[in-house]
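Geometric and topological summary
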Amino acid sequence: MPRDSKKSNSSSLNEFLLLAFADKRELQLLHFSLFLGIYLAALLGNGLLITAVTCDHRLHTPMYFFLLILSVLDLGSISVTVPKSMANSLWDTRAISYSGCAAQVFFFFFLFASEYYLLTVMAYDRYIAICKPLHYETLMGSRACVKMAAAAWGSSFVNALLHTANTFSIPLCQGNIVEQFFCEIPQILKLSCSDSYLREVGVIAFSASVIFGCFIFIVLSYMQIFTAVLRIPSEQGRNKAFSTCIPHLAVVSLFVSTIIFAYLKPPSISSPAMDLVVTVLYAVVPPTLNPLIYSMRNKELKDALTKV
């Protein structure tokens, strides 16, 4: 079994110990089965959506292009965390290597930030489509869409690299037990020495301000979108506009609400069990539900999925 001994600094750490869902073998296997079912559902849902958008030429539009990228990011983010947790439960271990933990932090932050930036771009796409339809072809051409997607990925890559480098350059002297089922930056910072984590806190504060700015942009976009939709004279036109906006708004709401609750919940209700449940809600549930949310009210996507 891995040793829980405290280390003087991060360079002497060979591995971390992740939080176990349960100590009893039966409960470990139950956790493995539940996560396996969730993971397979995410693979199936996002895989079908990717296939439908790729194969149906009617869906080769900016909105579905961004939706395809969102599904790729969902598959990536859930694949970074869930399989390792499943393997640990199956093999009755808690260990993850130092390099594996760093890779998990980088890829999870990169994919999660990319998804949030992409949701912001998708709000802009819906705003242009509904509020400025005559300029849609000009503003949302294929080249513009690729540039916006590349900007989301590029900024997320730099952000993730900065956070990972900062986090793992901080001396860790509070042991090697991460109180979460995957390597999460706030939990790793709890292992740091005295005030050495303040540098990373500053970087997190900067990222939080960018996230808040994106959130304000999404809110303002949808305020104008709903104002424009309510002015549409025909009921059919309003329904069509709502059918493309409501799923995106639902995904944004699920994403943002779980993140806010995870990181801003009162300390009085915080506990290892509560932290675990909340992390599952923001890291595992959205990638699984997103394909279902997007396909519920979208007739074009339903038809394409039926063909697949």
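Not measured: the values here are computed from a predicted model. Numbers given for residues are sequential positions, taken from 1 along each chain in its written order. Per-residue local features of the predicted model are confined to residues with pLDDT of at least 70, and side-chain atom pairs are confined, for both listing and counting, to 80 or more; whole-chain, interface and lining totals are unaffected and use all residues. Working from all heavy atoms in the structure, the side-chain values ignore hydrogens and water.

Let's shift gears to the overall build of the protein. Looking only at helices and strands, the protein has eleven helices and two strands in total. Using C-alpha atoms as the atom set, the radius of gyration is obtained and then compared with a globule rule of 2.2 Å times the number of residues to the power 0.38. Relative to the globule expectation of 19 Å for 308 residues, the C-alpha radius of gyration of the protein, 21 Å, shows essentially globular dimensions. With respect to the three principal axes, the spread of C-alpha positions in the protein is 70 × 40 × 35 Å. By the burial criterion, 47% of the 308 residues in the protein qualify as buried. In the protein, the share of contacts with a sequence separation of at least 24, taken over all contacts with a separation of at least 6, comes to 76%. Entry remark: accessible area of the protein is about 15200 Å², with carbon and sulfur atoms responsible for 68%. Positive charges are assigned to Lys and Arg, negative charges to Asp and Glu, while His and the chain termini are left out of the count. Here the site of a charge means NZ on Lys, CZ on Arg, CG on Asp, or CD on Glu. Mean positive and mean negative side-chain charge positions of the protein (22 and 18 charges, respectively) differ by 6 Å. The way it works is that DSSP assigns letters per residue, a run of H or I at least four long becomes a helix, a run of E at least two long becomes a strand, and they are numbered from the N terminus. Buried residues are those whose accessible area, probed at 1.4 Å on protein chains only, stays under 20% of the maximum for their type, while exposed residues exceed 50% and partly exposed ones sit between those limits. Contacts: residue pairs with any heavy atoms within 4.5 Å of one another. Accessible surface area values rest on a Shrake-Rupley calculation with a 1.4 Å probe, where residue burial reflects the displayed protein chains alone.

On to the UniProt feature "transmembrane region" (unreviewed entry) in the protein. Under the UniProt annotation, the feature "transmembrane region" (unreviewed entry) is placed at residues 29–51, 63–83, 95–113, 204–229, 241–264 and 276–294. For residues 29–51, helix accounts for 100% and strand for 0%, while the C-alpha atoms at its two ends are 32 Å apart. Taken end to end, residues 241–264 is 100% helix and 0% strand, and its first and last C-alpha atoms sit 33 Å apart. UniProt positions are given in the numbering used here, feature names are shortened, and annotations may be inferred rather than shown by experiment.

Another point: the state of the cysteines. When two cysteine sulfur atoms are found within 2.5 Å, that pair is recorded as a disulfide. For the structure on display, the rule yields one disulfide. Each sulfur in the disulfide pair cysteine 101 and cysteine 183 lies 2.0 Å from the other. Because the sign of the S-S torsion sets the handedness, a value of about -125° for the bond joining cysteine 101 and cysteine 183 places this disulfide among the left-handed ones. Separated by 82 residues along the polypeptide, cysteine 101 in helix H3 (residues 98–131) and cysteine 183 in the loop between helix H5 (142–169) and helix H6 (185–189) bring together distant segments of the chain. The pair formed by cysteine 101 and cysteine 183 is uniform in burial state, with each residue classed as buried. Here cysteine 131 stays free of any disulfide, with the sulfur of cysteine 245 as its closest cysteine sulfur at 8.6 Å. Overall, the relative accessible area of 27% leaves cysteine 131 in the partly exposed class.

Right, let's talk about the pattern of salt bridges for a bit. Only one rule defines a salt bridge in this text: a Lys or Arg side-chain nitrogen within 4 Å of an Asp or Glu carboxyl oxygen. All chains considered together, the criterion is met by two salt bridges. The residue arginine 58 makes a salt bridge to aspartate 56 at a minimum N-O spacing of 3.0 Å. Owing to a relative accessible area of 39%, arginine 58 belongs among the partly exposed residues under this scheme. On the basis of relative accessibility, which here comes to 8%, the residue aspartate 56 falls in the buried class. Here arginine 126 ties to aspartate 125 by a salt bridge, and the two come within 3.0 Å at their closest N and O atoms. Since its relative accessible area comes to 9%, arginine 126 is described here as buried.

Our focus in this paragraph is helix H1 (residues 25–55). When the terminal C-alpha atoms of H1 are compared, their 44 Å separation across 31 residues agrees well with the 45 Å that a helix rising 1.5 Å per residue should span. Those residues of H1 lying buried are Gln28, His31, Phe32, Phe35, Tyr39, Ala42, Gly45, Asn46, Leu49, Ile50, Ala52 and Val53. Where H1 is buried, its residues touch helix H2 (62–90), helix H9 (272–283), helix H10 (285–296) and helix H11 (299–307). Multiplying 1.5 Å by the helix residue count minus one yields the expected span of that helix.

Bringing the packing of aromatic side chains into the picture now. Two rings from Phe, Tyr or Trp (for Trp, the six-membered ring) form a pair when their centres sit within 6.5 Å of each other. Planes less than 30 degrees apart are called stacked, planes more than 60 degrees apart edge-to-face, and all others tilted. Summed over all chains, the structure comprises 19 aromatic pairs. Where tyrosine 116 meets phenylalanine 255, the ring centres are 5.7 Å apart and the plane angle is 15°; that geometry is what we call stacked. Here tyrosine 116, found in helix H3, pairs with phenylalanine 255, found in helix H8 (residues 235–264); they are 139 residues apart in sequence, far enough to count as distant. Accessibility expressed as a relative area gives 6% for tyrosine 116, which makes it buried. These aromatic residues form a ring-pair network of at least three members: Phe35, Phe108, Phe112, Tyr116, Phe181, Phe182, Phe255 and Tyr282.

Moving on to H5. An ideal rise of 1.5 Å per residue puts 40 Å on 28 residues; H5 measures up with 40 Å between its terminal C-alpha atoms. Taken residue by residue, H5 has Cys145, Met148, Ala149, Ala152, Ser156, Asn159, Ala160, His163, Thr164, Asn166, Thr167 and Phe168 as its buried positions.

The quantity called pLDDT is the predictor's confidence in a given residue, expressed from 0 to 100. With 91% of its residues at a pLDDT of at least 70, the protein reaches an overall mean of 84. Predicted confidence is poor over residues 1–11, with pLDDT under 50, and the contacts of this stretch with residues over four places away or in other chains come to 27 contacts.

Helix axes are fitted to C-alpha atoms over the stretch in contact, other axes to C-alpha atoms as well, and angles between N-to-C directions run from 0 to 180 degrees. Orientation of H1 relative to H11, taken along the N-to-C sense of each, is 100°, at an axis distance of 9 Å. It follows from the interaxial angle that H1 and H11 lie roughly perpendicular. Contact residues: Leu48, Leu49, Ala52 and Val53 in H1; Leu301, Ala304 and Leu305 in H11. Gly counts as polar in this scheme, as do all residues outside two lists: the nonpolar Ala, Val, Leu, Ile, Met, Phe, Trp, Tyr, Cys and Pro, and the charged Asp, Glu, Lys and Arg. Of the residues contributing to the contact of H1 with H11, the split by class is seven nonpolar, no polar and no charged. Every angle not falling under 35 degrees, over 145, or within 65 to 115 is termed oblique; those three ranges are roughly parallel, roughly antiparallel and roughly perpendicular.

Let's shift gears to the nonpolar core. The tendency in soluble globular proteins is for nonpolar side chains to be buried as a group. For our purposes a nonpolar core is just a set of buried Ala, Val, Leu, Ile, Met, Phe, Trp, Tyr and Cys residues, chained together by side-chain atoms within 4.5 Å. With 69 residues, the main nonpolar core has Phe66, Leu67, Leu119, Met122, Val284, Tyr294 and Leu301 as its most contacted residues. Residues contacting valine 284, with those up to four places away along its chain left out, are Phe35, Ile38, Ile78, Val82, Phe181 and Thr279. Among the nonpolar cores identified, the runner-up in size contains 16 residues, and Leu18, Phe168, Leu172 and Cys183 belong to it.

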